[in-house]
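# Report on the structure
Listed below are the residues making up each chain.
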Amino acid sequence: NEWRHKDPAFAAKFVAADYGAQRSITCTGMQERVLEDGRLEVAANLRNRLNRRIQVQVQCIFKDAQGFGTGDDTPWQDVIFTENTQETVRFTSLNDKARGYTVRVREAR
């Protein structure tokens, strides 16, 4: 499972949901901050490990302090990577209940 980050807390925040995403996308880092109105903003740095153009879909599931979904999951969004490039994808929760999150990546459908 080379695609998982060595830090278990980080690994829980990034999930490559299928084989294609596991093989092609890695997360090089995440930043999070609480906005003035209490909403959580997340920026995930994703990198294409392949030497070819790929398209994936990315989603963020926001969670409360107990780890349960807050009901404001983002819609899946398409991200196109050229060969060996990195993209930063940003998400913002819809309410101030979010304390955690999981960023999910899958092959485009």
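Located above this text is the structure these notes cover.
This write-up is about the structure you can find in this document.

### What about the overall build of the protein?
Scanning the protein from terminus to terminus reveals two helices and seven strands. Start at the N end of the protein and walk to the C end: the helices and strands fall as α-β-α-β-β-β-β-β-β. Burial status across the protein gives 44% buried among its 109 residues. Considering only residue pairs separated by 6 or more positions, the protein has 65% of its internal contacts joining residues 24 or more positions apart. For the protein, the accessible area works out to roughly 6,400 Å², and carbon and sulfur atoms hold 44% of it.

### Structural notes on the environment of Val15
Tracing the backbone shows Val15 in strand β1 (residues 14-16). By relative accessible area, Val15 is classed as partly exposed at 25%. Along the primary structure Val15 and Val103 are separated by 88 residues, whereas in three dimensions their C-alpha atoms are 6.3 Å apart.

### Observations concerning the sheet that holds strand β5 (residues 77-81)
Strand order across the open sheet formed by four strands is β1-β7-β4-β5, with mixed pairing between neighbours. The strands lining the two open edges of the sheet, one partner per strand, are β1 and β5. Taken pair by pair, the neighbouring strands of this sheet meet at an average axis angle of 30°, ignoring direction. Note that β1 and strand β7 (residues 100-107) share three bridges and pair parallel. Its bridge partner lying in β7, Val15 is registered against Arg104.

### Digging into the nonpolar core
Membership of the largest hydrophobic core comes to 24 residues, with the highest contact counts inside it found for Leu46, Val58 and Val103. Broken down by element, the residue count for this core peaks at five residues, all from strand β4 (residues 54-63). Setting aside residues no more than four positions away along its own chain, Leu46 makes contact with Phe14, Ile25, Thr26, Cys27, Val58, Phe81, Thr85, Gln86, Glu87, Val89 and Val105.

### Considering unusual backbone geometry
With a phi close to 55°, Asn84 is a non-glycine residue in the positive phi region. Structurally, Asn84 is set in the loop between β5 and β6 (86-92). Taking relative accessible area as the criterion, Asn84 reaches 41% and is therefore assigned partly exposed.

### Focus: the pairing of strand β2 (residues 25-34)
Where β2 and strand β3 (residues 40-48) come together, nine bridges link them in antiparallel fashion. Each residue of the ladder has a partner; that of Ile25, found in β3, is Asn48. Between β2 and β3, which pair antiparallel one after the other, the connecting turn spans five residues, and Gly38 there sits at a positive phi close to 95°.

### Here's the deal with the pattern of salt bridges
Counted according to the given criterion, the structure contains three salt bridges. With its nearest N and O atoms 2.8 Å apart, the salt bridge here joins Arg39 to Asp37.

What counts and what doesn't
Residues numbered from 1 in each chain as written. Predicted model: local features only at pLDDT ≥ 70, side-chain atom pairs only at ≥ 80, totals over all residues. Heavy atoms only, no water. Helix = DSSP H or I, 4+ residues; strand = E, 2+ residues; numbered from the N terminus. Buried < 20%, exposed > 50% of the residue type's maximum accessible area, 1.4 Å probe, protein only. Contact = heavy atoms within 4.5 Å. Areas by Shrake-Rupley, 256 points an atom, 1.4 Å probe, with all protein chains shown as cover. Pairing = 2+ DSSP bridges. Axes fitted to C-alpha atoms, helices over the stretch in contact; angles between N-to-C directions. Core = buried A, V, L, I, M, F, W, Y, C linked by side-chain atoms within 4.5 Å. Salt bridge = Lys/Arg side-chain N within 4 Å of Asp/Glu carboxyl O.

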